[in-house]
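Understanding the architecture of this molecule
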Amino acid sequence: MTELEQKIYDQFISKYDHKPLLVNSPGRVNLIGDHTDYNDGFVLPAAIDKVIVLGMAKNKLEKIRAFSADMNESVVMDLNDLHKSDKNWANYIKGVVAELQKEKFKLKGFDVVFGGNIPIGAGLSSSAALEGALTVGLDKIFKLGLDRKKMARIGQLTEHNHVGVNCGIMDQFINLHGEADKALKLDCRTLDYELYPFHQEGIKIVLCNSKVSHNLADSEYNVRRSQCEEGVEILKQYDPQIRNLRDVSMELLVEHKSEFDPVVFRRCKFVLEENDRVLKACEDLSKEDLRSFGQHMFESHEGLSKEYEVSCEELDILVELAKEQEGLLGCRMMGGGFGGCTINLVEETKVASFIEYISKKYKERTGIEAEIYVTQINGGAHIIES
Ligand code: GLA
């Protein structure tokens, strides 16, 4: 057991006086392909070595008793009368349980303790990690027979119906399907996926946390989603087969440019380009051409910042500073945006000087101490066999 697993195990026993099942559930990076998932497009995420560990066991009550080790907070919920909690983390538990109940899965009372090292609000999907851990744990202790795609949907519905973020499926999917040293190309329409060995020999994935977490993020996220839908409504008139931006070609979009609000046009154009970049980046991986892969990352950041407008000053500064450094293959903002992390591919021999430079210059320019993590690609959520 890792230290974290041992800690959660011990805390569970001391709080609830029985032994838990343990689940280890990772955060994620996205190498390329942002704001494409809810347009039925492609993404290329990977699960990482920052995780949540969750302990869970049935109790004999019709209640959920839960403890967040990191917040040092407890809640008790009535299984048959779930309410929104004033504690943000508790709403994920409520959401997963409510979504399972909606689908007629029979749950009984249970106890849960969780904690971890995925920084919250850093765009590394700590919430998907919690949803995944809960679903994997509940599936096991109540023998629900869920497959992993279904589990990912339960997590996504939790976000939609209990957290208020109309997210795509990327974060929940990679949390449950990630494999060590592999990036996962997901077709968000069919949920078919392909694993690409991500050769990191001599290359490190370095995450620079801007430490900015804009509270605009959720509402702006939903606005972007509606803008994409607005574009689809226009183009549907010309081709009734079009269900969303996945079905739209650049030719068709450009042909009807004059009918678009300029902002909506830019949003749609970005999504088509970003989708195309994911496919090209996957070809690069097949050819083990990380230089070309990195170029697509730079282009992705440009588009996210200028056309989709989900970056922010601090993220742009992190990218600008990274580009001043030797040994950088590619970098971009990552995830929903408006804060969180940039992802950087850096030659191993240059990692130390890269970190030193970014930390110093970022502090000078913004007054903020960045947090920088060198991360590794690991497997998806799993039960820790005792
Ligand atoms: C958030 C959402 C994902 C995805 C990304 C942007 O992480 O949860 O579904 O849309 O933003 O790519």
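**Comments concerning the pairing of strand β5 (residues 110–116)**
Here β5 lies mainly inside the structure; six of its seven residues are buried. Taken together, the five bridges between strand β3 (residues 63–68) and β5 define a ladder with parallel strand orientation. Residue pairing across strands places Ser68 opposite Phe114, the latter belonging to β5.

**Quick look at the site of the ligand**
The full set of residues close to the ligand is Arg28, Asp34, His35, Asp37, Tyr38, Cys167, Gly168, Met170, Asp171, Tyr221, Gly335 and Gly336. Take Asp34: an N or O atom from its side chain is 2.5 Å from an oxygen atom of the ligand. Coverage of the ligand by the protein amounts to 91% of the 300 Å² it exposes when considered alone. A breakdown of the residues in the shell around the ligand according to their chemical character gives four nonpolar, four polar and four charged.

**Considering the pattern of salt bridges**
Tallied over the full model, the rule gives 30 salt bridges. A salt bridge links Lys150 to Glu103, with the nearest nitrogen and oxygen atoms 2.4 Å apart. With Lys150 in helix α4 (residues 148–163) and Glu103 in the loop between α2 (88–102) and β5, this pair connects stretches of sequence that are 47 residues apart. The partner of Arg277 in a salt bridge is Glu274, and the shortest N-O contact between them spans 2.9 Å. Here Glu274 and Arg277 lie together in helix α8 (residues 262–286), a separation of three residues that amounts to about one turn. With a relative accessible area of 8%, Arg277 lands in the buried category. By relative accessible area, which is 0% here, Glu274 ends up buried. A single salt-bridge network, built from bridges that share partners, covers Asp34, Glu274, Arg277 and Arg332.

**Focus on α8**
Between its terminal C-alpha atoms α8 stretches 37 Å, which fits the 36 Å expected from 25 residues at 1.5 Å a residue. Residue Glu288 follows α8 closely and has a positive phi angle near 55 degrees.

**Brief notes about the domain arrangement of the protein chain**
Accessible area lost on assembly of the parts is the figure often given for the size of an interface. Per the domain assignment, the segments of the protein chain are domain 1 (3–199) and domain 2 (203–375). One C-alpha centre belongs to domain 1, the other to domain 2, and the line joining them spans 25 Å. On the side of domain 2, 47 residues touch domain 1, which itself brings 38 residues to the contact. Summed over both sides, the interface between domain 1 and domain 2 buries roughly 3500 Å², with carbon and sulfur atoms accounting for 62% of that surface. At the boundary of domain 1 and domain 2, one finds three salt bridges. Measuring nitrogen to oxygen at the nearest pair gives 2.9 Å for the salt bridge that ties Arg246 to Asp187. Taken together, domain 1 and domain 2 are joined by 22 residue pairs in polar contact (both at pLDDT 80 or more).

**Brief notes about the nonpolar core**
Residues Ile93, Phe110, Leu207, Phe293 and Leu345 are the most contacted members of the largest nonpolar core, which totals 78 residues. Excluding residues that lie within four positions of it along the chain, Leu345 makes contacts with Leu31, Phe198, Ile203, Lys204, Ile205, Leu290, Phe293, Met297, Gly327, Leu328, Leu329 and Gly330. Counting residues in hydrophobic clusters, the runner-up holds 27 residues, among them Cys167, Tyr221, Leu235 and Phe338.

**Re helix α11 (residues 351–366)**
Relative to the 22 Å expected for 16 residues at 1.5 Å per residue, α11 spans 22 Å between its end C-alpha atoms, a close match to the ideal helical length. Those residues of α11 lying buried are Val351, Phe354, Ile358 and Tyr362. Take α11 and look down its axis: the buried residues cluster within an arc of 50 degrees, on one side only. For α11, exposure combined with an orientation more than 90 degrees from the buried face picks out Ala352, Glu356, Lys360 and Glu364.

**Digging into the sheet that holds strand β8 (residues 203–213)**
Spatial ordering of the open sheet is given by β9-β10-β8-β11, a layout of four strands whose pairing is antiparallel. Both edges of this open sheet fall to β9 (328–333) and β11 (371–375), since each of them pairs with a single strand only. Each strand axis lies, on average, 20 degrees off the axis of its neighbour in the sheet, ignoring direction. Relative to strand β10 (residues 339–347), β8 runs antiparallel, the two sharing eight bridges. Across the sheet, the residue bridging to Ser213 is Gly339, located in β10. Of the strands in this sheet, β8, β9, β10 and β11 are in contact with α11, which crosses β8 at around 15 degrees.

**Overview of the packing of aromatic side chains**
Ring pairs (aromatic) are described by centroid distance and by the angle formed between their planes. In the structure shown here, the tally under the stated rule is eight aromatic pairs. On the numbers, 5.3 Å between centres and 65 degrees between planes, the contact of Tyr38 with Tyr221 is edge-to-face. Of this pair, Tyr38 sits in the loop between β1 (21–32) and β2 (42–58) while Tyr221 sits in helix α6 (residues 217–236), and the two are 183 residues apart along the sequence. There is no split in this pair, since Tyr38 and Tyr221 are both buried. Measuring from centroid to centroid gives 6.4 Å for Phe110 and Phe142, while their planes differ by 70 degrees, and the two rings are edge-to-face. Here Phe110 is found in strand β5, whereas its partner Phe142 is found in the loop between α3 (126–141) and α4, with 32 residues between them in sequence. Over the aromatic face of Phe67 sits the side chain of Lys15, whose NZ or CZ is 4.5 Å from the ring centroid.

**Some thoughts on the side chain of Asn175**
Mapping Asn175 onto the fold places it in helix α5 (residues 170–177). Judged by relative accessible area, Asn175 falls into the buried class, the value being 2%. Once you skip the residues sitting within four places of it in the chain, Asn175 turns out to touch Ser25, Pro26, Ala128, Ala129, Gly132, Gly380 and Ala381.

Conventions adopted
Residues numbered from 1 in each chain as written. Predicted model: local features only at pLDDT ≥ 70, side-chain atom pairs only at ≥ 80, totals over all residues. Heavy atoms only, no water. Buried < 20%, exposed > 50% of the residue type's maximum accessible area, 1.4 Å probe, protein only. Helix = DSSP H or I, 4+ residues; strand = E, 2+ residues; numbered from the N terminus. Pairing = 2+ DSSP bridges. Near = heavy atom within 4 Å. Polar contact = N/O pair within 3.5 Å; in protein donor to acceptor, adjacent residues only side chain to side chain. Areas by Shrake-Rupley, 256 points an atom, 1.4 Å probe, with all protein chains shown as cover. Nonpolar A, V, L, I, M, F, W, Y, C, P; charged D, E, K, R; others polar. Salt bridge = Lys/Arg side-chain N within 4 Å of Asp/Glu carboxyl O. Expected span 1.5 Å × (residues − 1). Domains from an automatic or database assignment. Contact = heavy atoms within 4.5 Å. Buried area = accessible area lost by both parts, 1.4 Å probe. Core = buried A, V, L, I, M, F, W, Y, C linked by side-chain atoms within 4.5 Å. Arc of directions from axis to C-beta. Axes fitted to C-alpha atoms, helices over the stretch in contact; angles between N-to-C directions. Phe/Tyr/Trp six-rings, centres within 6.5 Å; stacked < 30°, edge-to-face > 60°. Lys NZ or Arg CZ within 6 Å of the ring centre and 35° of its normal.

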